[in-house]
Amino acid sequence: MSNEKQNTKKPTLQDVAIIAGVSVSTVSHVLNKTAKISDVTKARVMEAVHTLNYRPASESAGRLFRQNRKTIGVIVQDIRNEFYAACAGSILGCADNSAYTVLLCDCEYDLQREIDIVQELIYQNASGLIFFGGTDDSSAIQLADGYGIPVVLANRRVSGFSSVTFNHTKIIRELISMLHKANRKEYLYLSESLDLQSISDRRDGFCLGMMDCGVSPNNYSIVWDKRLQLNKVDMGYVVLEEYIDTHHGVDFDTIITSSDLIAIGVLKCLAKHDYRVPEDIWVLGYDDISVASIVSPSLTTIRQDTDRLGEEAFSLLNEMIQSGNHRPKQIMIENTLVIRESAF
């Protein structure tokens, strides 16, 4: 009987210290970041934590307060990007009148950083996690799930997990049909790295639209460049400039981009080369960020309802936490085309 109880008891700070071969105070300093500890020692402590599946207990008055007011972690890809900032704002708005404290984290499109953030949120005893955006690699998500933490994915899909997503492929496919009916003939699709699911979904919609309309591969080009992931306006300008230099001008009448910021860089580059928008070339963005309506010409784009994305993700996570039911649920939100001066 005593052996069975010993085998099923929750691991303690002392257990972690024994496995790691360090003092209890050292383990505490590593987990709470209250002292400078060598990377080698940190690694031993973290390995012991994972081996034992250790999570801090809620013992002090402060921790009891945090236990009553649950903490949820929100992980975005790039908080400087207006899309992710708006998503985060939506979550914070939802949390204002709830029993949740939000820990907002930026993984900067870095998978290892995403994993490290999840590890930290586990040690913070987070009650649930929301991931905004991301790749097909689910290592960080699986890590959280291994600790029994409810997970909701927003603008991202992983089999077996709840998600709230936009129908990117459908809206781009429909957009191509509209462009074809408007007698557009030659297309350039300009995209950031295809690592992110939402970005590859848009590319898929473009390709399917080309097939639907019978557009020959000779009449369209897809250019994707990892540099467009950050500094999108400047890099949108640079990447199109390089394309124009390589091809000795433009060989298209329509440019579709995976981001409004890239489209703004494109507008600047075309103006420099004396191409008129929309008279010579149509330009279309994606996201409908705040400046899309005030650039010149104003940008035709695809609107994503970030408020609803955040609200649905928060509601879904709250439902999972309150009920204890982690059965996956999928919610799809339709995007809308916003027509302005740069196309149509």
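Everything below is about the structure printed above this text.
The residue count restarts for each chain, going from 1 along the sequence in the order it is written. Local features in a predicted model are, by the rule used here, given only for residues with pLDDT of at least 70; side-chain atom pairs are given and counted only at 80 or more, and totals for whole chains, interfaces and linings are based on all residues. Hydrogen atoms and water are omitted, and side-chain values are computed over all heavy atoms in the structure.

**A closer look at the overall build of the protein chain**
We apply this condition: Helix numbering and strand numbering both begin at the N terminus, where a helix is a DSSP run of H or I of at least 4 residues and a strand a DSSP run of E of at least 2. Any residue under 20% of the maximum accessible area for its type is buried, any over 50% is exposed, and the rest in between are partly exposed; the area is computed with a 1.4 Å probe on protein chains only. Contacts are assigned to residue pairs with any non-hydrogen atoms lying within 4.5 Å of each other. Think of it this way: Lys and Arg go in the positive column, Asp and Glu in the negative one, and His and the chain ends go nowhere. Every charge is mapped onto a representative atom, which is NZ of Lys, CZ of Arg, CG of Asp or CD of Glu.
Each helix and strand in the protein chain was counted, giving 13 helices and 12 strands. The principal-axis extents of the C-alpha atoms in the protein chain amount to approximately 80 × 40 × 35 Å. Counting every position in the protein chain, which comprises 344 residues, the buried fraction comes to 49%. Look at the contacts in the protein chain between residues 6 or more apart in sequence, and 71% of them connect residues 24 or more apart. A distance of 7 Å separates the average location of the 34 positive side-chain charges in the protein chain from that of its 44 negative side-chain charges.

**Some points on the environment of His273**
Just so we agree on the cut-off: Throughout this description, a polar contact denotes any pair of N or O atoms lying within 3.5 Å of each other; where both atoms belong to protein, one of them has to be capable of donating a hydrogen while the other can accept it, and for residues adjacent in sequence the pair is counted only when both atoms sit in side chains.
By secondary structure assignment, the location of His273 is in the loop between helix H12 (260–272) and strand E9 (282–284). We classify His273 as partly exposed; its relative accessible area is 25%. When neighbours within four sequence positions are excluded, His273 is seen to be in contact with Glu241 and Ile244. Engagement of the side chain of His273 in a polar contact is seen with the side chain of Glu241, the distance being 2.4 Å.

**Let's talk about the layout of surface pockets**
Any space left empty among the atoms is revealed by the rolling of a water-sized probe across them. For clarity, the cut-off: Only protein atoms enter the 1 Å grid used here, on which a cavity is any set of points holding a 1.4 Å probe that cannot leave and a pocket is any open set flanked by protein within 12 Å on both sides along at least five of seven lines; residues with an atom within 4 Å of a point are listed as lining. Grid points are joined across faces, edges and corners, and a volume is the space filled by probe spheres set on the points. In this classification, Asp, Glu, Lys and Arg are treated as charged, Ala, Val, Leu, Ile, Met, Phe, Trp, Tyr, Cys and Pro as nonpolar, and every other residue, Gly included, as polar.
In this structure, the second largest pocket occupies an estimated 330 Å³ of space. Around the second largest pocket, the lining comprises 14 residues; the ones closest to its centre are Lys33, Met46, Asp116, Glu120 and Tyr123. Breaking the lining of the second largest pocket down by element, the ones donating at least two residues are helix H3 (24–32), helix H4 (39–52) and helix H7 (111–123). The leading source of residues in the lining of the second largest pocket is H7, at six residues. In terms of residue class, the lining of the second largest pocket is built from eight nonpolar, two polar and four charged.

**Topic: the packing of H3 against H4**
In a packed pair of helices, the relevant descriptors are the angle between the two axes and the axis-to-axis distance. Here is the rule: Here, axes are lines fitted to C-alpha atoms. For helices the fit covers the stretch in contact, and angles between N-to-C directions go from 0 to 180 degrees. Roughly parallel here means an angle under 35 degrees, roughly antiparallel means over 145, roughly perpendicular means 65 to 115, and every remaining angle is called oblique.
At a minimum axis distance of 10 Å, the contact between H3 and H4 shows a crossing angle of 90°. Comparing the axis directions of H3 and H4 gives the class roughly perpendicular. Residues Thr26, Val27, Val30 and Leu31 of H3 lie in contact with H4, whose contacting residues are Thr41, Lys42, Val45, Met46 and Val49. Its residues assigned to classes, the contact of H3 with H4 shows six nonpolar, two polar and one charged.

**Focus: the pattern of salt bridges**
Applicable threshold: Here, a salt bridge means any side-chain nitrogen of Lys or Arg that lies within 4 Å of a carboxyl oxygen of Asp or Glu.
All chains considered together, the criterion is met by 16 salt bridges. Its salt-bridge partner being Asp253, residue Arg184 comes within 3.8 Å of it at the nearest N-O pair. Of the two residues, Arg184 is situated in the loop between helix H9 (168–181) and strand E6 (187–191) and Asp253 in the loop between helix H11 (232–247) and strand E8 (254–257); the sequence distance between them amounts to 69 residues. Neither Arg184 nor Asp253 differs from the other in exposure class; each is buried.

**Topic: the packing of aromatic side chains**
So the rule is basically this: Side-chain rings of Phe, Tyr and Trp, where Trp is taken by its six-membered ring, are said to pair if the distance between their centres is within 6.5 Å; with planes under 30 degrees apart they count as stacked, over 60 as edge-to-face, and otherwise as tilted. For a lysine, the NZ atom is tested; for an arginine, the CZ atom; a charge sits over a ring if that atom is within 6 Å of the ring centre and within 35 degrees of the ring normal.
Applying the stated criterion across every chain yields a total of six aromatic pairs. Centroid distance Tyr243 to Phe252: 5.7 Å. Interplanar angle 55°. Geometry classified as tilted. Residue Tyr243 is classed as buried on the basis of its relative accessible area of 8%. The structure contains a cluster of three or more aromatic residues connected by ring pairs, namely Tyr189, Phe206 and Tyr220. The ring centre of Trp282 lies 4.0 Å from the NZ or CZ of Arg184, which sits over that ring. Positioned above the aromatic ring of Tyr286, the side-chain terminus of Arg202 is 3.9 Å from the ring centre.

**Details of empty space enclosed by the protein**
One pass over the full model with this rule turns up one cavity of 30 Å³ or more. Together, 15 residues line the largest cavity, and Asn81, Tyr84, Glu192, Ile199 and Arg202 are the ones closest to its centre. Elements represented by at least two residues in the lining of the largest cavity include exactly helix H6 (82–96) and helix H10 (197–212). Residue contributions to the lining of the largest cavity peak at three residues, all from H10. Its residues assigned to classes, the lining of the largest cavity comprises five nonpolar, six polar and four charged.

**Notes on the packing of helix H2 (residues 13–20) against H4**
Our working definition: Whether a crossing is left-handed or right-handed is set by the direction in which the near helix is turned from the far one by less than a right angle, anticlockwise for left-handed and clockwise for right-handed.
Close contact between H2 and H4 brings their axes to 8 Å; oriented N to C, the two are set at 125°. The angle between the axes of H2 and H4 places the two elements in the oblique class. The two elements H2 and H4 meet at a crossing, and its hand is right-handed. Here H2 contributes Asp15, Val16, Ile19 and Ala20 to the contact with H4, which in turn contributes Arg44, Val45, Ala48, Val49 and Leu52. Split into classes, the residues belonging to the contact of H2 with H4 amount to seven nonpolar, no polar and two charged.

**With respect to a nonpolar patch on the surface**
This is how it is decided: Candidate patch residues must exceed 30% relative accessible area and have no salt bridge, after which like charges are joined if within 9 Å and Val, Leu, Ile, Met, Phe, Trp or Tyr side chains if within 5 Å. Here the open area of atoms and residues is found with the Shrake-Rupley method and a 1.4 Å probe, where only the protein chains shown may cover a residue.
A cluster of nonpolar residues, Ile79, Leu92 and Leu104, forms a patch on the protein surface that exposes about 220 Å² of accessible area. Examined against the element boundaries, Leu104 turns out to sit in strand E2 (residues 100–106). Residue Leu104 is classed as partly exposed on the basis of its relative accessible area of 41%.

**What to know about the pairing of E8**
The following threshold applies: For two strands to be treated as a pair, DSSP must find at least two bridges joining them. A clockwise path from the first strand over the helix to the second, with the strands pointing away from the viewer, defines a right-handed crossover.
Where burial is concerned, the two faces of E8 agree: the one with Thr254 and Ile256 and the one with Ile255 and Thr257 are both buried. Bridging between E6 and E8 involves four bridges; their strand directions are parallel. Counted as the bridge partner of Leu190 is Thr257 from E8. As paired strands, E8 and E9 are joined by three bridges and run parallel to one another. When the sheet's bridge partners are listed, Ile255 is paired in E9 with Val283. One crossover worth recording links E8 to the parallel E9 by way of H12, and it is right-handed.

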